Number of protein chains: 2
Amino acid sequence: MRVTTLAGGIGGARFIRGLKAHLAASGQESHITVIGNTGDDIWVHGLRVCPDLDTVMYTLGDGIDTERGWGRRDETFHAKEELQAYGVEPTWFGLGDRDIGTHLVRTASLNAGYPLSDVTRALCARWKPGVELLPMTNDRAETHVIVDSPDVPGNRVAMHFQEWWIKYRASLPAHDFVFIGIENATPAPGVLEAIAEADVIVLPPSNPIVSIGTILAVPGITDALSQTDAPIVGISPIISGAPVRGMADACLTARGIETTALAVGLNYGARNSGGILDGWLVDTSDADAESDLEAAGIGCRAVPLFMTDVPATAAMAEHAIDLAQALRSAG
Amino acid sequence: MRVTTLAGGIGGARFIRGLKAHLAASGQESHITVIGNTGDDIWVHGLRVCPDLDTVMYTLGDGIDTERGWGRRDETFHAKEELQAYGVEPTWFGLGDRDIGTHLVRTASLNAGYPLSDVTRALCARWKPGVELLPMTNDRAETHVIVDSPDVPGNRVAMHFQEWWIKYRASLPAHDFVFIGIENATPAPGVLEAIAEADVIVLPPSNPIVSIGTILAVPGITDALSQTDAPIVGISPIISGAPVRGMADACLTARGIETTALAVGLNYGARNSGGILDGWLVDTSDADAESDLEAAGIGCRAVPLFMTDVPATAAMAEHAIDLAQALRSAG
């Protein structure tokens, strides 16, 4: 079975770890392709950092700090301390020493002219994540947040997503998100093929605006999703009206979307009416959303959605695959 | 008193620490300028590393690992471990995590277009080394070593000095040293002025070929030394026929110079016969070299030259300053 997923950082990576476990336990031959969000990528101190790709790579390659959810296990932050002592900005970015090893290899390779997809493959040759990890695009397309300037009252400014997310903990009300440069971005090699040739496409419980939403904004990707023969099933990142982790509510609010499993599902929309979803998993606590989703043309199941451990997550993945196959048979 | 010194890495840095202590104890107002060797500088993993400038800066700024003599105190090598795990070369370069903080600031500043002398001043604003630290040049001029290829028998190759020094521990016989690019290098701003306006110029016990020799090879610097009114006194890095530390013997041999305090002094030569030395300190164990040096026109004193601690080094510096002043009165 060929499964293609779109993924942001921690939520996506953890879900895919469960998906891997489920497919491995099922005994059938399978291939997972992960199309990773690169809108959060940032240059810091001359290093190209790809937070979401690295979170997927480290999580699936067993190098992640599982407590923190991002960055490397047994990490130190000595270079960061030094940068701070020199008084250079940004001081808020969590640049770990082991992590810097990855960024140095990536930056040198990019500066040598290799595209990000090749560089990502080279990094994965070490980590062996057990999936094919593709950046959504090799082009630069950065997520910025439109906010009232924290420095100059009355000024509205665009701020890099990472600054808003990490430095301000998403506490500055967002007027909107803009994906700078995305209109000229093209999907990285393999991305459209992975969508066209998949047996199942799964949207993990990643942030619908700044993770999945960014990927969908790369010209060609939403079209490919609307045209693929594969059923597309998403997992709600919202449970009982709140994001399981992260600050997706701040992102949804900016786009005028309620922080509910129902509203997020409807926002993606049903494929038979111009959206991208065939199916949508909501948590059992959100079972009352089922009827509205089904009425909108989205197959829905209410199942436990807390990724408490790998078995619980594998069970979620199994529900997603089951729903996809049921919808394919029905369709 | 304005004292100008030329310096390589560990030996130069330790001597200047003693010089600082002596001048501070003497109570007179003084200003030390250090013209640092940049021939050892190297790009590793996209970072611009200046080993000699950093050794001076860290040593005088009290950030050095005193046991090792180079790099930062309380250092870790996690990024280096990762680079090794990725299989990227060079693996032999001692890139510490704290040190990387310095290299990131330097590299970003150089890439932004600032000259190395400005960048060095900015880094020193944090370390407060108590001296004015100038790179010998802002231009790229790299020391390479001509050796028989360790890989292809019969091939003679040029190898970056750091590779020869660190990876091969100077064990590959050197045919010669070439300072690539130096013929087009110009002294960094302030270098010629520091030589012209000094009251005393001191050559610390640095490597005469690949530290002091490189600085002397920058067009204009040797001329400035031959013309300055300041007396120039050097300290022998060779004691009893062996380098105190490092592998200066391998460098001297390549140039056909005996590893003796006498031969190194004579190689610098007396100013009154086209060289650069007015005075030369040799260790008490090399006192028998005095008459030959004096005969060649170089004022000589035999004093203890082991830099066992700061007071012993301060005493050496005091001897150097005393000899310089005696030679100025005599001249």
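Residues numbered from 1 in each chain as written. Chains lettered and ligands numbered in written order. Predicted model: local features only at pLDDT ≥ 70, side-chain atom pairs only at ≥ 80, totals over all residues. Heavy atoms only, no water.

Visitor: Sorry, what's going on with the domain arrangement of chain A here?
Guide: Think of interface size as the accessible area that goes away when the parts come together; that is how it is often given. Residue and element names in this part refer to chain A. When the domains of chain A are assigned, the result is domain 1 (2-37 + 187-330), domain 2 (42-135) and domain 3 (142-180). Put simply, the middle of domain 1 and the middle of domain 2, counted by C-alpha atoms, are 26 Å apart. In this assembly, 22 residues from domain 1 lie in contact with 18 residues from domain 2. Roughly 1500 Å² of surface becomes buried between domain 1 and domain 2 when both sides are summed, with 59% attributable to carbon and sulfur atoms. Here domain 1 and domain 2 share zero salt bridges between them. At the surface where domain 1 touches domain 2, the tally comes to nine residue pairs in polar contact (both at pLDDT 80 or more). Listed by contribution, the elements that provide at least two residues to the side of domain 1 that touches domain 2 are helix 1 (10-26) and strand 2 (31-36). Of the residues belonging to the side of domain 1 that touches domain 2, the class tally is ten nonpolar, eight polar and four charged. (Domains from an automatic or database assignment. Contact = heavy atoms within 4.5 Å. Buried area = accessible area lost by both parts, 1.4 Å probe. Salt bridge = Lys/Arg side-chain N within 4 Å of Asp/Glu carboxyl O. Polar contact = N/O pair within 3.5 Å; in protein donor to acceptor, adjacent residues only side chain to side chain. Helix = DSSP H or I, 4+ residues; strand = E, 2+ residues; numbered from the N terminus. Nonpolar A, V, L, I, M, F, W, Y, C, P; charged D, E, K, R; others polar.)

Visitor: Sorry if this is basic, but what is going on with the sheet that holds strand 5 (residues 132-135) of chain B here?
Guide: Hydrogen bonds along the backbone pair up the strands of a sheet, which may run parallel or antiparallel. Residue and element names in this part refer to chain B. Taken together, the seven strands give an open sheet; going across it, the order is 5-2-1-9-10-13-14, and neighbouring strands pair in parallel fashion. Bordering the open sheet on either side are strand 5 and strand 14 (299-302), each of which pairs with just one other strand. Each neighbouring strand pair of the sheet contributes to a mean axis angle of 20°, computed without reference to strand direction. Note: strand 1 (residues 2-7) against strand 9 (residues 200-203), three bridges, orientation parallel. What sits directly across from Thr5, in strand 9, is Val202. Against the sheet, helix 2 (residues 51-60) contacts strand 1, strand 2 (31-36) and strand 5, and its axis sits at roughly 175° relative to strand 5. In the packing of helix 11 (residues 261-268) onto the sheet, the strands contacted are strand 9 and strand 13 (279-282), and the crossing angle to strand 13 comes to about 165°. (Pairing = 2+ DSSP bridges. Axes fitted to C-alpha atoms, helices over the stretch in contact; angles between N-to-C directions.)

Visitor: When you look at the relation of the copies chain A and chain B in this model, what are you seeing that I'm missing?
Guide: Both copies of the chain are placed relative to one another by a rotation about an axis and a shift along it. You can overlay chain A on chain B at an RMSD of 0.0 Å; the transform is a turn of 180° with a shift of 0.0 Å along its axis. Such a combination of turn and shift is consistent with a two-fold rotation axis. Among all residues of chain A, the minimum C-alpha distance to the rotation axis is found for Asp97 of chain A, at 3.0 Å. Looking at the interface residues of chain A, 100% of them are also at the interface in chain B, so both copies use one shared face. (Least-squares fit on C-alpha atoms with pLDDT ≥ 70 in both.)

Visitor: Please explain the interface of chain A and chain B as it appears in this structure.
Guide: Across the contact, 25 residues belong to chain A and 25 residues belong to chain B. Summing both sides of the interface, chain A and chain B together bury roughly 2100 Å²; the carbon and sulfur share of this comes to 64%. Arg126 of chain A is paired through a salt bridge with Glu82 of chain B; the nearest N and O atoms lie 2.7 Å apart. Taken together, chain A and chain B are joined by 16 residue pairs in polar contact (both at pLDDT 80 or more). Among the secondary structure elements, those contributing two or more residues to the side of chain A that touches chain B are helix 2 (51-60), helix 3 (78-86), helix 4 (97-111) and helix 5 (116-127) of chain A. Each residue belonging to the side of chain A that touches chain B can be placed in one class, and the counts come to 13 nonpolar, five polar and seven charged.

Visitor: Please clarify how the nonpolar core should be interpreted in this entry.
Guide: Soluble globular proteins: nonpolar side chains tend toward being buried together. Core analysis: the largest hydrophobic core is formed by 102 residues, its most contacted members being Ile100 of chain A together with Ile100 of chain B. Every residue in contact with Ile100 of chain B, bar those within four places of it in the chain, is listed here: Ala79, Ile100 and Leu104 of chain A together with Leu47, Ala79 and Leu95 of chain B. Formed by 57 residues, the second largest nonpolar core is a distinct cluster that contains Leu172, Ile212, Val218 and Trp280 of chain A. (Core = buried A, V, L, I, M, F, W, Y, C linked by side-chain atoms within 4.5 Å. Buried < 20%, exposed > 50% of the residue type's maximum accessible area, 1.4 Å probe, protein only.)

Visitor: When you look at unusual backbone geometry in this model, what are you seeing that I'm missing?
Guide: With glycine set apart, most residues show a phi of negative sign, and most peptide bonds adopt trans. All names here are of chain A. Of note, the bond from Glu89 into Pro90 is cis; its omega dihedral lies within 30 degrees of zero at -5°. On the secondary structure map, Pro90 appears in the loop between helix 3 and helix 4. The backbone phi angle of Ala170 is positive, close to 55°, even though this residue is not glycine. Counting through the fold element by element, Ala170 comes out in the loop between helix 6 (161-167) and strand 8 (174-180). Look at Ser240: it is not a glycine, yet its phi comes out positive at around 50°. Relative to the helices and strands, Ser240 is located in the loop between strand 11 (238-239) and strand 12 (242-243).

Visitor: In this structure, what is going on with helix 11 (residues 261-268) of chain A? I would like to understand it.
Guide: Given 3.6 residues to a turn, an α-helix orients residues that are three or four positions apart in the same direction. All names here are of chain A. Restricting attention to buried positions, one finds in helix 11 the residues Ala261, Ala263, Val264, Gly265 and Tyr268. In this structure, the buried side of helix 11 is in contact with strand 9 (200-203), helix 8 (212-216), strand 11, helix 10 (248-254), strand 13 (279-282) and helix 12 (290-295). Following helix 11 by one or two positions, Gly269 adopts a phi angle in the positive range, close to 85°.

Visitor: So what exactly am I meant to see when it comes to the packing of helix 2 of chain B against helix 5 (residues 116-127) of chain B here?
Guide: In a packed pair of helices, the relevant descriptors are the angle between the two axes and the axis-to-axis distance. Residues and elements named next belong to chain B. At a minimum axis separation of 10 Å, helix 2 and helix 5 run at an interaxial angle of 25°. Considered as vectors, helix 2 and helix 5 are oriented roughly parallel to each other. The two elements helix 2 and helix 5 cross, and the hand of that crossing is right-handed. For the pair helix 2 and helix 5, the contacting residues are Leu53, Met57 and Tyr58 in the first and Leu116, Thr120, Leu123, Cys124 and Trp127 in the second. (Parallel < 35°, antiparallel > 145°, perpendicular 65-115°, else oblique. Left-handed = near helix turned anticlockwise from the far one by under 90°.)

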